[in-house]
Amino acid sequence: MNSSRFVSESITQTPPIVWTIAGSDSGGGAGIQADLLTIQDLSCHGCSVITTLTAQNSVSVSLVETVSESMLLAQFSSLLVDLPPVAIKIGLLASQVQVDILAGCLAQMRVTQMMVPFVVLDPVMVASSGANFNPIYLDFSPLIGLIDLLTPNQHELKRLCSQYALVKDCDVDNKVAQQQQMISDAKLLSDTFKCHVLAKGGDAQWQQQYAIDVYVSKNVKGASIAHSNAVFMLSSQRIATTNNHGSGCTLSSAIACFIAHDFVIHDAIVLAKAYVNNGLALGVSLGQGPGVLARTGWPDDLGMMPSIKLVSSEHLADDSCKQAAPNSFKSLHQPLGIYPVVADIDMLKQLLKAGCKTVQYRAKLAINIDTDDSHVLERLTLEANIIEAIKLGRKFHAQLFINDHWPLAIKHGAFGVHLGQENMATADLSAIAAAGMALGLSSHSYFEALLAHQCSPSYIALGHIFATTTKQMPSTPQGLSKLKRYVSLFARHYPTVAIGGIDLSNLEFIADTGVGDAAVVRAVATANDPAKAYRALHHKWLQVTRPLAKACSPQEGL
């Protein structure tokens, strides 16, 4: 799918405002110029506060002049009264005075503004080539508590850690030790600055064919509890190119843009990684020196997305989703279509009799029957219901999925299992695959959908799209625009199913996003006649997803 189809379509109706506070690169490859190109490309409105003027081209820098303190303040103040930002990217700061002034401005903004912007600090000190931008060591500690994300490269990570007495000796010839040290440094820096840290590995030569970033997350509102206060390794195949001028600037400004479009930071980081990877792959050489990244619009190439690995407390990557070989789960026999999720066996039987060919039995219990042996009756009742559900599924030749209880699903031969993110991380995926079962996985963000993708499931559920009362959700409703973005990335690779607050009134809007199927819960479970409700939903879905049905059935009742 051509990404340009989505470039002009902002997630929000009015482009969100993103500031860049950085130096000017007269060659146009990095700094303010790269930031504004990125901000525009990602459907935001860019404003700039220039800290430094440079006379440079792709080969060399001939002159650097720092703007006056009054000019720095005037730019900030002028923008604030009329164009307040949703997100701010901070790049090159030329002096300690500039750091202190900016800290004061950000602190005052938190007091006076109704909406506090998300602040990304790219602590530009050393280029990925090793060249120094600033001969003096800046103390960024005045910004503690005022920034949300810090994005140092390897040189900057070491310099920052040395400033705050966080450096430990490391065997430079041991790649494992180097990686563990990088993780340790990033965690210590996160604790020191009380913010998320994305330690970039593009300039880590010891990483060889893969560029591995370390992402240390603090608490993230709207993300799964399993992914907050966690450490991840984000890996991408290295792209052989010299057209990499401004890659760090582009990454940090892209993160700010995705945050401004109301994506959680986990999503913003993986999207920005994909954006930079695509920009490097299609970069352009313009002068005699390193070339510049291409601006390629909203990422929709799954191959450009990073691989995600959770890091354990021992600094080891967790490959839990790699237990099963790729593509080892059973494929769907037919599209999911309208996919009811029910907790009642009688209702399940009614739906199957009504012609439903894919259904999920979801029995949520207050206790964990796999670890709590004191509730024998609940365990036996649950197992009896699962046995009956599987039996009904076979009788009506339906794709019957069991939610969460994968050991019982394996034991009694269900068609498939559906798992949420938390259960996905702990379930024995290889056992599910070995049993010849299909696997469906839930996701509530790009980040979670990428984790699901790494398990090569039979389908990926995308939600929750609208507000729902059927379960407590850490994330906010995703909405139709985000659903359309998710579909553009995943639909070519997996069956996709939307879930969350879907009913007859919004089914056509769901279909318009291009998602493959639609799961329904309340629309069936709370209906006076569940079978009739299912048939109405099924008919409507066929009508809005099949061109011939649309052409031949202009009236909804036909």
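The structure presented is a predicted model; accordingly, all values stated were derived computationally and were not measured. (Residues numbered from 1 in each chain as written. Predicted model: local features only at pLDDT ≥ 70, side-chain atom pairs only at ≥ 80, totals over all residues. Heavy atoms only, no water.)

Draft legend 1. Looking closely at the overall build of the protein chain. Each helix and strand in the protein chain was counted, giving 19 helices and 19 strands. Across the protein chain, the fraction of contacts at a sequence separation of at least 24, relative to all contacts at a separation of at least 6, is 67%. Total accessible area computed for the protein chain in this model is approximately 23,600 Å², and 55% of it derives from carbon and sulfur atoms. (Helix = DSSP H or I, 4+ residues; strand = E, 2+ residues; numbered from the N terminus. Contact = heavy atoms within 4.5 Å. Areas by Shrake-Rupley, 256 points an atom, 1.4 Å probe, with all protein chains shown as cover.)

Draft legend 2. Just the packing of helix H9 (residues 345-353) against helix H10 (residues 376-395), in detail. Orientation of H9 relative to H10, taken along the N-to-C sense of each, is 5°, at an axis distance of 10 Å. What the angle tells us is that H9 and H10 run roughly parallel. On the side of H9, the interface is formed by Ile345, Leu348, Lys349 and Leu352, while H10 contributes Asn385, Glu388, Ala389, Leu392 and Gly393. (Axes fitted to C-alpha atoms, helices over the stretch in contact; angles between N-to-C directions. Parallel < 35°, antiparallel > 145°, perpendicular 65-115°, else oblique.)

Draft legend 3. Region of the structure containing the pairing of strand E13 (residues 358-361). Burial along E13 is two-sided: the face carrying Thr358 and Gln360 and the face carrying Val359 and Tyr361 are both buried. Here strand E12 (residues 338-342) pairs with E13 via 2 bridges, running parallel. If you follow valine 342 over to E13, its bridge partner there is tyrosine 361. Crossover E12 to E13 through H9 is right-handed. The pairing of E13 with strand E14 (residues 399-403) spans 4 bridges and is parallel. Across the sheet, threonine 358 pairs through a bridge with glutamine 399, a residue of E14. (Buried < 20%, exposed > 50% of the residue type's maximum accessible area, 1.4 Å probe, protein only. Pairing = 2+ DSSP bridges. Right-handed = clockwise from strand over helix to strand, strands pointing away.)

Draft legend 4. Helix H18 (residues 530-545), seen in detail. An ideal rise of 1.5 Å per residue puts 22 Å on 16 residues; H18 measures up with 22 Å between its terminal C-alpha atoms. Listed as buried for H18 are Pro530, Ala531, Ala533, Tyr534, Leu537, Lys540, Trp541, Gln543 and Val544. (Expected span 1.5 Å × (residues − 1).)

Draft legend 5. Representation of the nonpolar core in the model. Judged by nonpolar contacts, the single largest core of 105 residues is most densely connected at Ile255, Leu348, Ile510 and Trp541. Ranked by residue count, the leading element in this core is helix H8 (residues 265-281), at 10 residues. Apart from the residues within four sequence positions on either side, leucine 348 is in contact with Val342, Val359, Ala389, Leu392 and Leu400. (Core = buried A, V, L, I, M, F, W, Y, C linked by side-chain atoms within 4.5 Å.)

Draft legend 6. Structural detail: unusual backbone geometry. For the peptide bond that leads from glycine 463 to histidine 464, omega is -20°, which places it in the cis range. On the secondary structure map, histidine 464 appears in the loop between strand E17 (459-463) and helix H15 (479-490). Notably, lysine 194 is not glycine yet its phi reads approximately 55°, a positive angle. Along the polypeptide, lysine 194 turns up in the loop between helix H6 (175-193) and strand E7 (196-199).

Draft legend 7. Inspection of the packing of helix H5 (residues 154-163) against H6 at higher detail. One way to put it is that H5 packs onto H6 with a least axis distance of 10 Å and a crossing angle of 55°. What the angle tells us is that H5 and H6 run oblique. Our pair here, H5 against H6, has a crossing hand that is left-handed. Between H5 and H6, the contacting residues are Gln154, Leu157, Lys158, Leu160 and Cys161 on the first element and Gln181, Met182, Asp185, Ala186 and Leu189 on the second. The class makeup of the residues in the contact of H5 with H6 is 6 nonpolar, 2 polar and 2 charged. (Left-handed = near helix turned anticlockwise from the far one by under 90°. Nonpolar A, V, L, I, M, F, W, Y, C, P; charged D, E, K, R; others polar.)

Draft legend 8. Inspection of the pattern of salt bridges at higher detail. Under the counting rule described, the total for this entry stands at 7 salt bridges. We note a salt bridge from lysine 200 to aspartate 122, for which the minimum N-O separation is 3.4 Å. Of the two residues, lysine 200 is situated in the loop between E7 and strand E8 (210-216) and aspartate 122 in the loop between strand E5 (118-121) and strand E6 (149-150); the sequence distance between them amounts to 78 residues. Judged by its relative accessible area of 10%, lysine 200 is buried. Linking lysine 273 and aspartate 213 is a salt bridge whose minimum nitrogen-to-oxygen distance equals 2.8 Å. With lysine 273 in helix H8 and aspartate 213 in strand E8, this residue pair connects regions lying 60 residues apart in the sequence. (Salt bridge = Lys/Arg side-chain N within 4 Å of Asp/Glu carboxyl O.)

Draft legend 9. Summary view of the sheet that holds E12. Strand order in the closed barrel formed by 8 strands is E12-E13-E14-E15-E16-E17-E18-E19, with parallel pairing between adjacent strands. The sheet shows a mean angle of 25° between the axes of neighbouring strands, direction not considered. For strand E15 (residues 416-419) and strand E16 (residues 438-443), the ladder comprises 4 bridges, and the chain directions are parallel. Looking at the pairing, valine 417 lines up with leucine 439 of E16. Sheet strands in contact with helix H14 (residues 446-453) are E16 and E17, and its direction is about 170° off that of E17.

Draft legend 10. Broad picture of the packing of aromatic side chains. With the rule as written, the count across this model stands at 11 aromatic pairs. Seen in terms of ring centroids, phenylalanine 263 and tryptophan 298 are 5.8 Å apart; in terms of plane orientation they differ by 50°. Their pairing is tilted. Here phenylalanine 263 is found in the loop between helix H7 (247-260) and H8, whereas its partner tryptophan 298 is found in the loop between H8 and strand E10 (307-311), with 35 residues between them in sequence. There is no split in this pair, since phenylalanine 263 and tryptophan 298 are both buried. Aromatic ring contacts, followed pair by pair, group Phe258, Phe263, Trp298, Tyr446 and Tyr486 into a single cluster. The ring of phenylalanine 263 has lysine 482 sitting right over it, with the charged end atom 4.6 Å from the ring centre. The lysine or arginine in question, arginine 485, covers the ring of tryptophan 298, its NZ or CZ lying 3.8 Å from the ring centre. (Phe/Tyr/Trp six-rings, centres within 6.5 Å; stacked < 30°, edge-to-face > 60°. Lys NZ or Arg CZ within 6 Å of the ring centre and 35° of its normal.)

Draft legend 11. Local environment of H7. For H7, which comprises 14 residues, the first-to-last C-alpha distance of 20 Å matches the rise-based estimate of 20 Å (1.5 Å per residue) to within 8%. Most of H7 sits out of view: 13 of its 14 residues are buried.

Draft legend 12. Summary view of the side chain of glutamine 154. Mapped onto the secondary structure, glutamine 154 falls in helix H5. The exposure class of glutamine 154 is buried, given its relative accessible area of 10%. From its side chain, glutamine 154 meets the backbone oxygen of lysine 200 in a polar contact 3.0 Å long. (Polar contact = N/O pair within 3.5 Å; in protein donor to acceptor, adjacent residues only side chain to side chain.)

Draft legend 13. Spotlight on the pairing of E7. Residues His196 and Leu198 point to one face of E7 and Val197 and Ala199 to the other, with burial holding for every one of them. Two elements, E6 and E7, share 2 bridges in a ladder whose sense is parallel. When the sheet's bridge partners are listed, leucine 149 is paired in E7 with histidine 196. As defined by bridge partners, E7 adjoins E8 across 3 bridges and the pair is classed as antiparallel. Paired with valine 197 across the strands is valine 216, a residue of E8.

Function cannot be read off these values alone, since they describe shape.
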